[in-house]
Amino acid sequence: RGTLLAFVVGVFLANFPEAMSSAGTMRLHGMRRRVILVMWASITLMTGLGAFGGATIFPPGSKDDPVIQKVIAGIEGLCGGAMLCMIANTVLPEAFEQGGNVT
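What you are looking at is a predicted structure, and each value in this text was computed from that prediction instead of being measured. (Residues numbered from 1 in each chain as written. Predicted model: local features only at pLDDT ≥ 70, side-chain atom pairs only at ≥ 80, totals over all residues. Heavy atoms only, no water.)

Undergrad: Just checking my understanding: could you explain the overall build of the protein chain for this structure?
TA: Along the backbone of the protein chain there are three helices and zero strands. Helices and strands in the protein chain line up, N terminus first, as α-α-α. In summary, the protein chain has a C-alpha radius of gyration of 18 Å against a globular reference of 13 Å for 103 residues, an excess of more than 25%. Considered along the principal axes of its C-alpha atoms, the protein chain spans approximately 50 × 40 × 25 Å. Taken over 103 residues, the protein chain has a buried fraction of 6%. Carbon together with sulfur atoms contributes 71% to the accessible area of the protein chain, which is approximately 8,800 Å² in total. Of the side chains in the protein chain, 7 bear a positive and 6 a negative charge, and the two mean positions are spaced by 15 Å. (Helix = DSSP H or I, 4+ residues; strand = E, 2+ residues; numbered from the N terminus. Rg over C-alpha atoms; globule rule 2.2 N^0.38 Å. Buried < 20%, exposed > 50% of the residue type's maximum accessible area, 1.4 Å probe, protein only. Areas by Shrake-Rupley, 256 points an atom, 1.4 Å probe, with all protein chains shown as cover. Lys, Arg positive; Asp, Glu negative; His and termini not counted. Charge placed at Lys NZ, Arg CZ, Asp CG, Glu CD.)

Put into structure tokens, the structure is as follows:
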């Protein structure tokens, strides 16, 4: 149980600076504080609901079923693709803007 708590706290602390940076940028562009807080709260709530749903649908020991393994692989592939799209849409343009052309 202590390991799980340490993991959750570690993930929270690792993502906190990114959240603060994003919230600061949104605030600079005129977004109201309440809207920013509601947005982050809804993301937190949806993440918790997704984790609960995943734990309910795929209980411990369900990975032994080959069908479940394929479903989990598909979900992980979809999530990986979503992360690549997010990076390509947000991080790369900002990198080129700040760093300039490398060639």
